[in-house]
Amino acid sequence: MAPGHVFWAIFYFACLCSASLANNAKVNFREKEKKILDQILGAGKYDARIRPSGINGTDDKATQVFVNMFLRSISKIDDYKMEYSVQLTFREQWLDERLKFDDIGGRLKYLTLTEANRVWMPDLFFSNEKEGHFHNIIMPNVYIRIFPYGSVLYSIRISLTLACPMNLKLYPLDRQVCSLRMASYGWTTADLVFLWKEGDPVQVVKNLHLPRFTLEKFLTDYCNSKTNTGEYSCLKVDLLFKREFSYYLIQIYIPCCMLVIVSWVSFWLDQGAVPARVSLGVTTLLTMATQTSGINASLPPVSYTKAIDVWTGVCLTFVFGALLEFALVNYASRSADRAADMHRENMKKKRREMEQASLDAASDLLDTDSNATFAMKPLVRHPGDPMALEKLRQCEVHMQAPKRPNCCRSWLSKFPTSPFKKVPCLGRGQCSRSKRIDVISRITFPLVFALFNLVYWSTYLFREEEED
């Protein structure tokens, strides 16, 4: 046989052998993976009830479990129940030297399990959990990876409703800190220790959207607890939420301001328009009370005063004050009317008396004899005449000393009385008293409300910065 034919025959045989070995290796690899699982997790070879050894295989050291998580969403933050709901991917990783296996030259990176009861699991629980459930659609969202050097990675997707105690003194200008706490239920720190994974233990999904809050930042910490049965390892994540104020500005603060301003319209209505002013005052008062009740219905009953309570209480006071102002105006107007009526009656009575006296005098003159003589009284007063002195005293004019001008009174005197009622004045400012009350209210109410706004926003915004 020629040398060239021998070479090609050997090359063909080598290719066939290589393909056969490759196929055998591929089949054997899958079989090897099954054999490894049976070898490390077979009956009588691995006991899931026994915790792994400590560092470097020492039995007197605690098993270290490294924890990290990925926050997928935060669906709601309930102020009334003081809770929040979160969905996360939770991961734990620890070393179990009993699960070491041959990686076949690096070709087998890890083994995957879906049954958590096949290996030892840390007894972790969420201490501030109210409700929680796993996700099983389409398949259970859980896996366990076993690495060649004995490391175990456990990952699961869960949804939790967690308690979040809130301090609502600055509501709705507040910030809330909600915690996620994880602890060991039965193993003490002598047997099991939870540690945060180095690097980035907590990750948050991008573009996390919350309807009324903004997640400003989060902090990881340890919260080991001691009881009468021992000390237990604990981890926590503090989530700092800032409440979005724009929603409350549009839904609460601006409507309350509008109601207060509408209640001031009654100051510009005529004091005789009783039905209009009463209807306006009562309507704004009931609307403000309904607004306050709706705000309190969405909040828990707490023993302290909230910022929103101060706002609604003062606004309700202003609306109620506008209604009381009309009651005062109406009382002053009715008092002036009664005084004017009494004055008219007195004038009519005096006029009738004078007319009656004139008639009596005229009748006396007519009855007198025409031949009668009349005694003429002298026009010159004689000294010592008591009757003349008495008549002189009656004719004296008493002058009062001019009073010092009052700036407020002179300014108020510029406002005329109501053109609908032309009654004589019985005293200084008697006619325009009710009108002046309206004029003073037009200026006093807005000024006091503006001052309240200045104090309110300065106080609570400054306190918010102090908490930051």
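Note that the coordinates shown come from a computational prediction; the quantities given were computed from them, not determined experimentally.

Rules and cut-offs
Residues numbered from 1 in each chain as written. Predicted model: local features only at pLDDT ≥ 70, side-chain atom pairs only at ≥ 80, totals over all residues. Heavy atoms only, no water. Phe/Tyr/Trp six-rings, centres within 6.5 Å; stacked < 30°, edge-to-face > 60°. Buried < 20%, exposed > 50% of the residue type's maximum accessible area, 1.4 Å probe, protein only. Helix = DSSP H or I, 4+ residues; strand = E, 2+ residues; numbered from the N terminus. Contact = heavy atoms within 4.5 Å. Salt bridge = Lys/Arg side-chain N within 4 Å of Asp/Glu carboxyl O. Pairing = 2+ DSSP bridges. Axes fitted to C-alpha atoms, helices over the stretch in contact; angles between N-to-C directions. Core = buried A, V, L, I, M, F, W, Y, C linked by side-chain atoms within 4.5 Å. Patch = residues over 30% accessible without salt bridge, like charges linked within 9 Å, V, L, I, M, F, W, Y side chains within 5 Å. Areas by Shrake-Rupley, 256 points an atom, 1.4 Å probe, with all protein chains shown as cover. Disulfide = S-S within 2.5 Å. pLDDT = per-residue confidence, 0-100. Parallel < 35°, antiparallel > 145°, perpendicular 65-115°, else oblique. Left-handed = near helix turned anticlockwise from the far one by under 90°. Nonpolar A, V, L, I, M, F, W, Y, C, P; charged D, E, K, R; others polar.

**Side note on the packing of aromatic side chains**
- Under the counting rule described, the total for this entry stands at 26 aromatic pairs.
- Between Tyr-247 and Tyr-248 the ring centres are 5.0 Å apart and the planes differ by 85 degrees, which places this aromatic pair in the edge-to-face class.
- Looking at Tyr-247, the relative accessible area reads 40%, which means it is partly exposed.
- Residue classification places Tyr-248 among the buried residues on the basis of a relative accessible area of 1%.
- Ring geometry for Phe-318 against Phe-445: centres 6.2 Å apart, planes inclined by 75 degrees, an arrangement best described as edge-to-face. One end of the pair, Phe-318, is in helix α4 (residues 307–367); the other, Phe-445, is in helix α7 (residues 433–467), and 127 residues separate them in sequence.
- Look at Phe-445 and you get buried, because its relative accessible area is 16%.
- Here the aromatic residues Phe-245, Tyr-253, Trp-264, Phe-267, Trp-311, Phe-318, Phe-445, Phe-449, Phe-452, Tyr-456, Trp-457 and Tyr-460 are joined through ring pairs into a cluster of three or more.

**Looking at the environment of Tyr-84**
- Inspection of the secondary structure assignment puts Tyr-84 in strand β2 (residues 83–95).
- Placed 79 residues apart in sequence, Tyr-84 and Ala-163 show a C-alpha to C-alpha distance of 6.6 Å.
- Not counting the four nearest positions on each side in its chain, Tyr-84 is found in contact with Ile-74, Lys-76, Ile-77, Leu-160, Thr-161, Leu-162, Ala-163, Cys-164, Cys-178, Ser-179, Leu-180 and Leu-239.

**Focus on the pattern of salt bridges**
- As enumerated under the stated definition, the model contains 13 salt bridges in all.
- Residue Glu-83 pairs with Lys-130 through a salt bridge whose shortest N-O separation is 3.2 Å. In this pair, Glu-83 is assigned in strand β2 and Lys-130 in strand β5 (residues 129–134), connecting sequence segments 47 residues apart.
- Looking at Lys-130, the relative accessible area reads 42%, which means it is partly exposed.

**A word on unusual backbone geometry**
- Residue Ile-138 follows Ile-137 across a cis peptide bond; omega there is 0 degrees.
- Mapped onto the elements of the fold, Ile-138 is located in the loop between β5 and β6 (142–146).
- For the bond from Tyr-171 to Pro-172, the omega torsion is 5 degrees, close enough to zero to count as cis.
- Inspection of the secondary structure puts Pro-172 in the loop between β7 (151–163) and β8 (175–184).
- With a phi close to 55 degrees, Met-82 is a non-glycine residue in the positive phi region.
- By the element assignment, Met-82 lies in the loop between β1 (63–78) and β2.
- Of note in this structure, Asn-207 is not a glycine but carries a positive phi near 60 degrees.
- Here Asn-207 is to be found in the loop between β10 (202–204) and β11 (213–222).

**Let's talk about the sheet that holds β8**
- One open sheet accounts for 4 strands, arranged β4-β8-β14-β11; its pairing is antiparallel. Sheet topology places β4 (124–126) and β11 at the edges, where each strand pairs with a single neighbour. The average undirected angle you get between the axes of adjacent strands in this sheet is 20 degrees.

**What to know about the nonpolar core**
- Counting 79 residues, the largest nonpolar core has Met-69, Tyr-84, Leu-88, Phe-90, Leu-180, Met-182 and Phe-241 as the members making the most contacts within it.
- Sorting elements by how many residues they give to this core places α4 first, with 7 residues.
- Beyond its immediate stretch of four places on either side in the chain, Phe-90 contacts Val-67, Asn-68, Met-69, Leu-124, Phe-126, Tyr-154, Ser-155, Ile-156, Ile-158 and Met-182.

**Some thoughts on a nonpolar patch on the surface**
- Together, Leu-249, Ile-250, Ile-254 and Met-258 make up an exposed nonpolar region whose accessible area comes to about 370 Å².
- With respect to the helices, strands and loops of the structure, Leu-249 is situated in helix α2 (residues 245–263).
- For Leu-249, a relative accessible area of 33% gives the class partly exposed.

**Notes on the state of the cysteines**
- The final tally for this structure, using the stated rule, is 2 disulfides.
- Here Cys-164 connects covalently by a disulfide to Cys-178, the sulfurs 2.0 Å from one another. Taking the torsion about the sulfur-sulfur bond, which here is approximately -80 degrees, the covalent link between Cys-164 and Cys-178 counts as left-handed. Here Cys-178 lies in strand β8 and Cys-164 lies in the loop between β7 and β8, a separation of 14 residues in the sequence.
- Cys-164 sits in the buried class, given a relative accessible area of 1%.
- Overall, the relative accessible area of 0% leaves Cys-178 in the buried class.
- Disulfide pairing places Cys-223 opposite Cys-234 at an S-S distance of 2.0 Å. Here the disulfide of Cys-223 and Cys-234 is left-handed, its torsion about the S-S bond being about -55 degrees. Of the two residues, Cys-223 sits in the loop between β11 and β12 (225–227) while Cys-234 sits in strand β14 (residues 234–243), which places them 11 residues apart along the sequence.
- In the protein chain, numbering the disulfide-bonded cysteines from first to last in sequence yields the connectivity 1-2, 3-4.
- A disulfide-free cysteine, Cys-257 has its sulfur positioned 5.8 Å from the sulfur of Cys-315, the nearest such atom.
- Residue Cys-257 is classed as partly exposed on the basis of its relative accessible area, which comes to 22%.

**A word on the pairing of β14**
- Summarising burial for β14: 9 of the 10 residues are buried, a large majority.
- Sheet topology places β8 next to β14; 9 bridges connect them, and they run antiparallel. Paired with Arg-181 across the two strands is Lys-236, which belongs to β14.

**Brief notes about the confidence of the model for the protein chain**
- When pLDDT is averaged along the protein chain, the result is 81, and 74% of the positions lie at 70 or above.
- Contacts from residues 417–431, a stretch scored under 50 in pLDDT, to residues over four places away or in other chains number 21 contacts.

**Concerning the packing of α2 against helix α3 (residues 274–297)**
- Following both chains from N to C, one finds α2 and α3 inclined at 165 degrees, their axes separated by 9 Å at the closest point. As far as their axial angle goes, α3 and α2 are roughly antiparallel. In this structure, α2 crosses over α3, and the sense of that crossing is left-handed. Counting all contacts with α2, which are made through Gln-251, Ile-252, Pro-255, Cys-256, Leu-259, Val-262 and Ser-263, the residues of α3 involved are Leu-280, Thr-284, Thr-287, Met-288, Gln-291 and Ile-295.
- Of the residues in the contact of α2 with α3, the class split is 8 nonpolar, 5 polar and no charged.

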